[in-house]
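Spelled out, the chains give:
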Amino acid sequence: MRLEVRANPSAMATLLAGVGAVVFTLLVCALLILWANANVFAAYGAIFQGALGSQFAITETLTRATPLMLTGLAAAVAFRARLYNIGAEGQLYFGAMAAVAASVAMSNEAGELALPTFIAMPLMIAAGAVAGAALLLIPTLLKTRFKVDEVVTTLLLNFIALLFVSMLLDGPMKDPTAMGWPQSRALLPELEFAKLVERGRVHVGLLIAIALAIVLWIVIGFTRFGLSIRAVGANAKAAEFAGISVNATLIKVALLSGALAGLAGVGEVAGRTSYVTLDMSPGYGFSGIVIAMLAALNPLGVVFASVFVGGAIVGADAMSRAVNVPTYIADVIVATALIAVLVASLLTKYRVRWK
Amino acid sequence: MTDFIAMLADADFWVAVLRIATPLIFGTLGVLLCERAGVLNLGIEGIMVFGAFAGWLTVYAGAGLWVGVLAAALAGAAFGALHSLLVVRLPLSQHVAGLGITLLATSLAYYAYRLGFPKVDSPPKIEAFQAMNWLPVPILAEQTPLTLLALVLVPLIAYVLYRTPIGLALRAVGENPHAVESQGIDVIRLRTGAVIAGSALMGVAGAFLTLAAFNSFFFNMVNGRGWICVALVVFASWRPGKALLGALLFAFFDAAQLRLQQSGGGALPYQLYLMLPYLLSIVALVIAARKAAYPQALMQPYVKGAR
């Protein structure tokens, strides 16, 4: 077997590859559903119904997609520069914790907001972004100064970050009213994000995430900084030779990526939970990487990919209540889709010669 | 300080160190084989989960313990075959494919477990490996045969890597695949073989958790051990002997933090102790990075004829 570079990948091939990846994923997961003795069509129908079948379902999917969009953007911008940030999970928790800490810091003795909301709100958001950025800055400096590979350090920092947050939940940030269960103090109600629809959980964080996706798309595609990101990602040595400071670019990218992951945490606290718990993220940080890859690292693609993944999770939840198929099918669907899309996109670039 | 000396004098402590080190030895050797051939395998975390599940399920279904180990190795090898299809046959990003394998293997194991055991309060138990009490070696006698296997694999893999033609070819293919190809050796086959063998070891690393350390399967039981193996390989500068040393060192700190946590009596938050092994891994990486001699072709896909 040999691979040959295709001169001009045709639009038709790209489209077929996408459809092929989707069909492959659905077929593989159909086998798993059959194994659970469930009706495949009923199960897929229930997933679709649960994800997009009603106004409530759509708002739930969008609520799930909000943190995924932000961690997806965090991964997309970092991977563009080949900075392998696999620590978005920890950065998300840091962002969430910082938002609560900011809320505590900005309240007076009576437990009321000591600043006007229009000042306090941006400060809280900034605190979360800074906390996420700071956490990613450590492994990035270790990479630029000491050539320490960031893949492993960012992975390990997830565990450290979660333990650190857990320590704060037992200590200064402990909710005085929570009985035993580790939970942080609640965010002041003035700092909570407004809901977008009545009787739905979808909140302003979604609009922030979409706006950031558009901004990031412009930054990466059309600015000098974006050019240096793409240059460093394409070939760091050549970029250095062309006068781009690779280290400075990586550090800026790290600040941006960490801040986006931190914002995902802010959004979860301010838009959904209003306090930090140790199970507030079911792996949004890792899913962000999958989303970024599904979107081919394109910020606008991240918006759609995160709705797909969010929908799969919400739909599978609803389906497992109706049909007896474990919710883990959502993760299998997402993982299979990732691998299928990667292979499909490769096949549009190369032609396979069997000989 | 006296506590610390008492701890070092306690045989039970060293028994714990060796027990904690065992899955790390298997896993680190697995990563080492893959990376020496030039392939990063971030699938390890998920392969360990699947290995733990496959081994446990096989024994739960009535097969012998060693059959369980074999099942875990085969499961690991299967995911290794998938990974090598993606990144050796096809030139996909090794980072992303590896993370994809981790997600796939973990979710498949969890899916199958939930399907087979929908509503269990306490995870079903199996009869796990027993200690080798017949062995006349003090601390080793408290371990299961899997630990012995791990310890035997270290010199075995070192021998294969450094003293056999296939070992030489494997190391060369991680440094300069084009030179290996010009010797008439099939780069793709060699890398595929290394990834499959390494992934089989990762599967066994997971099986140790269910068949020796604990006697059941539960969620999050691997808990980052796979990632730690990836760090340990860098620390070990891709040498089996040093990998053993690194795994023992890590296990030493992990066992020590468990002791300190118990004897410390809540003077410090327990999370600080739990953080220690991860922090030390990062410190070890920083120290090792100065002279880290990465296999030159690590993470570089090999496309025949391309330079």
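Every value quoted in this text rests on a predicted model; they were computed, and no experiment measured them.

Quick notes on the rules
- Residues numbered from 1 in each chain as written.
- Chains lettered and ligands numbered in written order.
- Predicted model: local features only at pLDDT ≥ 70, side-chain atom pairs only at ≥ 80, totals over all residues.
- Helix = DSSP H or I, 4+ residues; strand = E, 2+ residues; numbered from the N terminus.
- Rg over C-alpha atoms; globule rule 2.2 N^0.38 Å.
- Buried ≥ 20, exposed ≤ 12 C-beta atoms within 10 Å, placed from the backbone.
- Contact = placed C-beta atoms within 7 Å.
- Axes fitted to C-alpha atoms, helices over the stretch in contact; angles between N-to-C directions.
- Parallel < 35°, antiparallel > 145°, perpendicular 65-115°, else oblique.
- Left-handed = near helix turned anticlockwise from the far one by under 90°.
- Nonpolar A, V, L, I, M, F, W, Y, C, P; charged D, E, K, R; others polar.
- Expected span 1.5 Å × (residues − 1).
- Bend = angle between axes of the 7 residues up to and from the residue.
- pLDDT = per-residue confidence, 0-100.
- Core = buried A, V, L, I, M, F, W, Y, C linked by C-beta atoms within 7 Å.

Engineer: Can you help me understand the overall build of chain B in this one?
Structural biologist: For chain B, the helix and strand inventory stands at 12 helices and 0 strands. The helix and strand sequence of chain B, counted from the amino end, reads α-α-α-α-α-α-α-α-α-α-α-α. Whereas a compact globule of 307 residues would reach a radius of gyration of roughly 19 Å, chain B reaches 20 Å, a difference of no more than 12%. The dimensions of chain B, computed from C-alpha atoms along their principal axes, are 60 × 45 × 40 Å. Here chain B, with 307 residues, has 51% of them falling under the buried criterion. Of all intrachain contacts in chain B linking residues separated by at least 6 positions in sequence, the fraction that spans at least 24 positions is 78%.

Engineer: Would you take a moment to explain the overall build of chain A for this structure?
Structural biologist: Secondary structure assignment for chain A yields 13 helices and 2 strands. Referenced to the eigenvectors of the C-alpha coordinate spread, the extents of chain A come out at roughly 75 × 60 × 30 Å. The buried share of chain A, taken over its 355 residues, is 51%.

Engineer: Even after reading the chapter, I still don't get unusual backbone geometry, so can you show me in this structure?
Structural biologist: The phi torsion of most residues other than glycine is negative, and most of the peptide bonds are trans. Residue and element names in this part refer to chain B. Notably, Asn-223 is not glycine yet its phi reads approximately 50°, a positive angle. Counting through the fold element by element, Asn-223 comes out in the loop between α9 (187–213) and α10 (225–235). Unlike most non-glycine residues, Met-299 shows phi in positive territory, near 75°.

Engineer: Even after reading the chapter, I still don't get the packing of helix α3 (residues 44–60) of chain B against helix α5 (residues 94–116) of chain B, so can you show me in this structure?
Structural biologist: In a packed pair of helices, the relevant descriptors are the angle between the two axes and the axis-to-axis distance. All names here are of chain B. Packing of α3 against α5 brings their axes to within 7 Å, and their N-to-C directions diverge by 25°. Considering their axes alone, α3 and α5 lie roughly parallel with respect to each other. Of the two possible hands of crossing, α3 and α5 adopt the one that is left-handed. Counting all contacts with α3, which are made through Glu-45, Gly-46, Ile-47, Val-49, Phe-50 and Phe-53, the residues of α5 involved are Ile-101, Thr-102, Leu-103, Leu-104, Ala-105, Thr-106, Leu-108, Ala-109, Ala-112 and Tyr-113. Per-class residue counts for the contact of α3 with α5 are 12 nonpolar, 3 polar and 1 charged.

Engineer: Quick question: what am I supposed to make of the interface of chain A and chain B here?
Structural biologist: Often, the extent of an interface is quoted as the loss of accessible area on bringing the components together. Each partner contributes residues to the interface: chain A has 41 residues there, and chain B has 37 residues. If you list the elements that add at least two residues to the side of chain A that touches chain B, you get β1 (2–5), α1 (11–35), α5 (117–146), α6 (150–170), α11 (284–294) and α13 (329–349) of chain A. Per-element accounting of the side of chain A that touches chain B gives the leading share, 12 residues, to α6 of chain A.

Engineer: Looking at this structure, I do not really get helix α6 (residues 145–163) of chain B. What am I missing?
Structural biologist: Residues three or four positions apart in an α-helix share a direction because the helix packs 3.6 residues into each turn. All names here are of chain B. Helix length check: α6 (19 residues) gives 26 Å between terminal C-alpha atoms against 27 Å at 1.5 Å per residue, within 8%. Residue Leu-153 marks the point of greatest curvature in α6, where the axis turns by about 25°; the proline Pro-155 follows within four residues. Residues of α6 that are buried include every one of Leu-146, Thr-147, Ala-150 and Ile-157, and no others.

Engineer: So what exactly am I meant to see when it comes to the packing of helix α2 (residues 40–52) of chain A against helix α12 (residues 299–322) of chain A here?
Structural biologist: All names here are of chain A. One can describe the packing of α2 onto α12 by two numbers: an axis separation of 7 Å at closest approach and a directional angle of 125°. As judged from the angle between their axes, α2 and α12 are oblique. Seen along the crossing, α2 lies across α12 with a hand that is right-handed. Across the interface between the two elements, Ala-43, Ala-46, Ile-47, Phe-48, Gln-49, Gly-50, Ala-51 and Leu-52 of α2 pack against Gly-311, Val-314, Gly-315, Ala-316, Asp-317, Ala-318, Met-319 and Ala-322 of α12. Across the contact of α2 with α12, the residue classes break down as 11 nonpolar, 4 polar and 1 charged.

Engineer: Sorry, what's going on with the environment of Asn-8 of chain A here?
Structural biologist: Assignment of secondary structure puts Asn-8 of chain A in the loop between β1 and α1. The spatial distance from the C-alpha of Asn-8 of chain A to the C-alpha of Tyr-350 of chain A is 9.9 Å, given a sequence separation of 342 residues.

Engineer: Please explain α1 of chain A as it appears in this structure.
Structural biologist: Between its first and last C-alpha atoms α1 of chain A spans 37 Å; for 25 residues at 1.5 Å apiece the expected length is 36 Å, and the two agree. Residues of α1 of chain A that are buried in the fold lie against α2 and α13 of chain A together with α5 of chain B. Just downstream of α1 of chain A lies Asn-37 of chain A, where phi reads positive at about 60°.

Engineer: Could you clarify how one ought to interpret the confidence of the model for chain B in this entry?
Structural biologist: Any region with low pLDDT has predicted coordinates that should not be read closely. When pLDDT is averaged along chain B, the result is 91, and 98% of the positions lie at 70 or above. Scoring the predicted complex yields pTM 0.92 and, for the interface, ipTM 0.90.

Engineer: Would you explain the nonpolar core in this entry?
Structural biologist: One broad trend across soluble globular proteins is that nonpolar side chains are buried collectively. In this structure, Leu-73, Ala-99 and Leu-260 of chain A together with Phe-53 and Leu-232 of chain B are the most contacted members of the largest nonpolar core, which totals 228 residues. Ranked by residues supplied to this core, first place goes to α9 of chain B with 16 residues.

Engineer: How should I be thinking about the environment of Ala-340 of chain A in this particular structure?
Structural biologist: All names here are of chain A. Its location among the elements puts Ala-340 in helix α13. Separated by 143 residues in the primary sequence, Ala-340 and Val-197 place their C-alpha atoms 36 Å from one another. The contacts of Ala-340, once residues within four sequence positions are left out, are Ala-21, Phe-24 and Thr-25.

Engineer: Would you explain the environment of Leu-62 of chain A in this entry?
Structural biologist: Residues and elements named next belong to chain A. Positionally, Leu-62 belongs in helix α3 (residues 55–80). Residue classification places Leu-62 among the buried positions, given that 24 C-beta atoms sit within 10 Å. Sequence spacing of Leu-62 and Leu-342 is 280 residues, and the spatial spacing of their C-alpha atoms is 25 Å. Once residues lying within four places of it in the same chain are set aside, the contact partners of Leu-62 are Val-202 and Leu-206.

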